[in-house]
Amino acid sequence: MKILSFALALLLAPLPSHGRGGGGEGGASPAARATSNPPKKEKRMNAPSKSTELKEARMRCETPAGWLESRDAASDQRTKTAGLTLREPGGGAAPRPFIHLRFYPDGNTLFKDAADYLARQSEPAIAPIAGEKTVASAASAGGLKGRRLLRDTFAPASPTDMSAAEIPVKEELVVLERAGGFYVLALTARKGDFPRLQPAFRRLVESFKPL
């Protein structure tokens, strides 16, 4: 069962795992996994990259210039997945926007397939989030078909104080199926920042190519 939304799981993390109810690692609460993971090394992308190739994640796409790039090799090894997280640089108000790219091959430890992933995204929460809304639609990219989820939810303003005021957050997830696994491409940001960042994310999705 899902515990917190995708946004809560990742926005509170030093480095994100991924997914509602088990998207990043394990099959349990992503928030619990995320807050327990130590920070991983980040590096600043030093030039625009119209073709960021992630061989282990079997994808190529256009990514925003200047965003911070993070990988968690230990988690990837445990979960038998591969991916990359990009965080918008700067010291703006938390939670900071980020883009998450991940490939879940057959045999990963988290999800049976894309349908399993999507089903968990739709499960009732143990602690329902008042005002949360998710809209699903068809999606396609790189010759692959899948689903798009647009979600309005909330995240605490402080990563260390769960009683802090909740901030409206919006996220977009694109789930694409292929032979041998599936991809998740996701953008999460404060609701006020989302319109500014969504065009770059849409370009990323449009440029996506499976390898």
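As the structure is a computational prediction, the values presented were derived from the model and not from experiment.

A. Inspection of the overall build of the protein chain at higher detail. When its secondary structure is counted, the protein chain shows five helices and 11 strands. Put simply, 56% of the contacts in the protein chain that link residues at least 6 apart link residues at least 24 apart.

B. Local environment of the pattern of salt bridges. Counting across every chain of the model gives 11 salt bridges. For the salt bridge of Arg-102 with Asp-76, the shortest nitrogen-to-oxygen distance reads 2.9 Å. Pair noted here: Arg-102 is in strand E6 (residues 98-105) and Asp-76 is in helix H3 (residues 73-79), with a separation of 26 residues, a long-range link. The two residues Arg-102 and Asp-76 agree in class, both being buried. One salt bridge in this structure joins Glu-172 and Arg-202, with 2.8 Å as the shortest N-O distance. In this pair, Glu-172 sits in strand E9 (residues 166-178) while Arg-202 sits in helix H5 (residues 194-207), placing the two residues 30 residues apart along the sequence.

C. Region of the structure containing the nonpolar core. With 26 residues, the main nonpolar core has Met-59, Ile-99, Leu-101, Leu-176, Leu-185 and Phe-208 as its most contacted residues. Contributions of two or more residues to this core are made by strand E3 (59-63), strand E5 (82-87), E6, strand E7 (133-141), E9, strand E10 (181-190) and H5. With five residues, H5 is the single largest residue contributor to this core. Ignoring anything within four residues of it in the chain, the contact list for Leu-101 reads Leu-54, Met-59, Cys-61, Thr-63, Ala-82, Gly-83, Leu-84, Val-184, Leu-185 and Leu-204. Core analysis: the next-biggest nonpolar cluster, separate from the first, contains 12 residues, Phe-111, Leu-118, Leu-149 and Phe-182 among them.

D. Just the packing of aromatic side chains, in detail. For the structure shown, the criterion picks out eight aromatic pairs. Residues Phe-103 and Tyr-183 carry aromatic rings whose centres are separated by 4.8 Å and whose planes lie at 35° to one another, so their mutual orientation is tilted. A residue pair is termed long-range when its members are at least 10 positions apart, and Phe-103 in strand E6 and Tyr-183 in strand E10 qualify at 80 residues. What makes Tyr-183 buried here is its relative accessible area of 0%. With centroids separated by 6.0 Å and ring planes inclined at 45°, the aromatic side chains of Tyr-104 and Tyr-117 adopt a geometry described as tilted. Taken together, the positions of Tyr-104 in strand E6 and Tyr-117 in helix H4 (residues 114-121) put the pair 13 residues apart, joining distant regions of the chain.

E. Geometry of H4. Burial in H4 covers these residues: Ala-114, Tyr-117, Leu-118, Arg-120 and Gln-121. An end-on view of H4 places all buried positions within 160° of arc, on one side of the element. Of the residues flanking the start of H4, the one acting as N-cap is Asp-113, its side-chain oxygen 3.2 Å from the backbone nitrogen of Ala-115.

F. Spotlight on the side chain of Arg-120. Structurally, the position occupied by Arg-120 is in helix H4. There is a polar contact of 2.6 Å between the side chain of Arg-120 and the backbone oxygen of Leu-110.

G. Broad picture of the pairing of E5. Across the six residues of E5, six count as buried, placing the element largely inside the fold. Side-chain alternation along E5 places Ala-82, Leu-84 and Leu-86 on one buried face and Gly-83, Thr-85 and Arg-87 on a second face that is also buried. Relative to E6, E5 runs antiparallel, the two sharing six bridges. Its bridge partner lying in E6, Ala-82 is registered against Phe-103.

H. Broad picture of H5. Counted at 1.5 Å a residue, the expected span for H5 with its 14 residues is 20 Å, and the 20 Å between its end C-alpha atoms agrees. Within the span of H5, buried status applies to Phe-194, Leu-197, Gln-198, Phe-201, Leu-204 and Val-205. Buried-residue contacts for H5 involve E3, E6, E7, strand E8 (144-156), E9 and E10.

About the criteria used
- Residues numbered from 1 in each chain as written.
- Predicted model: local features only at pLDDT ≥ 70, side-chain atom pairs only at ≥ 80, totals over all residues.
- Heavy atoms only, no water.
- Helix = DSSP H or I, 4+ residues; strand = E, 2+ residues; numbered from the N terminus.
- Contact = heavy atoms within 4.5 Å.
- Salt bridge = Lys/Arg side-chain N within 4 Å of Asp/Glu carboxyl O.
- Buried < 20%, exposed > 50% of the residue type's maximum accessible area, 1.4 Å probe, protein only.
- Core = buried A, V, L, I, M, F, W, Y, C linked by side-chain atoms within 4.5 Å.
- Phe/Tyr/Trp six-rings, centres within 6.5 Å; stacked < 30°, edge-to-face > 60°.
- Arc of directions from axis to C-beta.
- Polar contact = N/O pair within 3.5 Å; in protein donor to acceptor, adjacent residues only side chain to side chain.
- Pairing = 2+ DSSP bridges.
- Expected span 1.5 Å × (residues − 1).

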